[in-house]
Each structure stands twice: as structure tokens, then as C-alpha cells.
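Structure at a glance
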Amino acid sequence: MRVLVIEDEESLAAGLRDGLEAEGFAVDVAFDGTDGLWMAREHPYDAIVLDIMLPGLNGYQVCSTLRAEGIWAPVLLLTAMESEWDEAEGLDVGADDYMTKPFSYLVLTARLRALLRRGGHRRPAVLEADSVRLDPATRRAWRDGTEVPCTARELALLEFLLRHPGEVVSKRRILEHVWDVDFQGDPNIIEVYIRRLRAKFGRDRIETVRGAGYRLTTDGG
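Residues numbered from 1 in each chain as written. Predicted model: local features only at pLDDT ≥ 70, side-chain atom pairs only at ≥ 80, totals over all residues. Heavy atoms only, no water.

As recorded in an unreviewed UniProt entry, the protein goes by DNA-binding response regulator and comes from Streptomyces radicis.

**A word on the sheet that holds strand β5 (residues 97-100)**
Within a sheet, adjacent strands bond to each other through the backbone by hydrogen bonds, running parallel or antiparallel. One open sheet accounts for five strands, arranged β2-β1-β3-β4-β5; its pairing is parallel. Edge positions in the open sheet fall to β2 (26-30) and β5, since each of these has one partner strand only. Strand-to-strand, the axes of this sheet are offset by a mean angle of 20°, without reference to chain direction. The pairing of strand β1 (residues 2-6) with β2 spans five bridges and is parallel. Note on β2: the bridge partner recorded for I6 is A30. Helix-sheet contacts for helix α1 (residues 10-22) involve β1, β2 and β4 (75-79), and the interaxial angle to β2 is about 170°. The strands that helix α3 (residues 59-68) touches are β1, β3 (47-51) and β4; relative to β3, the one it contacts most, it runs at about 150°. (Pairing = 2+ DSSP bridges. Helix = DSSP H or I, 4+ residues; strand = E, 2+ residues; numbered from the N terminus. Axes fitted to C-alpha atoms, helices over the stretch in contact; angles between N-to-C directions. Contact = heavy atoms within 4.5 Å.)

**Description of helix α5 (residues 105-118)**
Between its first and last C-alpha, α5 extends 20 Å over 14 residues, near the 20 Å set by a 1.5 Å rise per residue. For α5, the complete set of buried residues consists of L108, T109, L112, A114, L115 and L116. The elements touched by buried residues of α5 are β1, α1, β3, β4 and β5. The residue sitting at the N-terminus of α5 and contributing the capping side-chain oxygen is S104; that oxygen lies 3.2 Å from the backbone nitrogen of L106. (Expected span 1.5 Å × (residues − 1). Buried < 20%, exposed > 50% of the residue type's maximum accessible area, 1.4 Å probe, protein only. Polar contact = N/O pair within 3.5 Å; in protein donor to acceptor, adjacent residues only side chain to side chain.)

**A few points about the domain arrangement of the protein**
In terms of domain boundaries, the protein breaks down into domain 1 (2-119) and domain 2 (127-216). With centres defined by C-alpha atoms, the gap from domain 1 to domain 2 works out at 33 Å. (Domains from an automatic or database assignment.)

**Some points on the nonpolar core**
One finds L157, L161, L162 and I174 to be the most contacted residues of the largest nonpolar core, which totals 25 residues. For this core, the element with the most residues is helix α6 (residues 152-162), which contributes six residues. Ranked by size, the runner-up nonpolar core spans 21 residues in total, among them L37, M39, A40 and L77. (Core = buried A, V, L, I, M, F, W, Y, C linked by side-chain atoms within 4.5 Å.)

Set out below in C-alpha cells:
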């Protein structure tokens, strides 16, 4: 398995390379975000170990750029920061896992092998369906390129529909994923939010499937 390590601390990068090579990985190393991005574009890596605080481009920028360009090699982020906000941002831009420094090489290797078993699958950071776009990380949505202000609940419902384009989703599934499984209110609240989304993104964009639920339509269906 071929792994790219993007880490500006040379001693740590060397340790990662030696440790991973001892476990049977083929390892390339880049010492800044710009070179790392170039290498990730040029070579088909099975996984990427990516530091966040890098010269040139930081790890968030490298990861989000790769995802935007359709490069889905699993990314394991490394950082000295322990803030939950840093972890959340890393996952939101498309990373697959996250470890703080100092870390256990045993655990890092195990996590890397787990990522390799799962492989790289398309997980777009920005969700799109024809004229509708949503960035879950920044909580912003657009219609035909124009930003559309939405409440948190509207964004949550739109995100759920965008993750299931062309699929009929029942009220029960919407309640469980957008509200919660213990929701005790009136399930017709969903209809209120569907009407709001239709008003903002187009009445024909969300189809009612009688007796079954709702479907976010896509071009041609």
C-alpha cells in the first residue's frame, strides 16, 4: 500500500516514514502543503497522513482541495491541537480520521489499516443536485449560484434530502435524522419545513410521493 505523509516536522516525518515502512507500507513524504497537494494530485495514493499546521497550504486547504477535485484517498489528519472545533473542521472538509500529537504509532498504524480496508469512496464536501448546493461545513446553501438564507433546521432537512437524491424518504426517516428518534411533537411539522424549502429552492424541486414521503428531484427524474 502506498501512503503519502505530509508533515513539516522533519524528525516526525522521518519517524512516520520509517515506522510505516517497517509495517510494509511504501511511503512518500512532503514537507509542506503545496508540495503535498501536488504529489497527491500526481500519484494514486492508497491513503494520506496529513498534518494540519503546514507551511504553504494548511491541512484543511489540502484536504478540501483534493475532495473538490474528486480525489478520494482516505485522509488521516494529525495535529497538535486538541480543540473539538479543529476536529470537526477537519472532518467537515472531507478527512476520514483524526489524531492528536503525541500519538501512538501502534494506534496510528491500526487506524490507517482500517481506513485502507474501507478504501476511498466518494464523499463530497459540498452537496449538489442541479441548481441546489449546500456546504455542510459552513452551513450555507445556494440556488442557481445565489446564496439562500436558511434556518438551522431548514439546512438540516435540505442536507438530508441532498444526501438521498432521487430517493423517496418517509416522514419517519426524516424525523429520525433531522429531528431525533424520540421526537414527540406533531409529525406534520415536516410539511411546514418542506413548504419553506420549496419556496426557497423551487416548488418542483421536492416531490410529494403520496403515502410514501418526499423525493428531491434531479435533472431528468
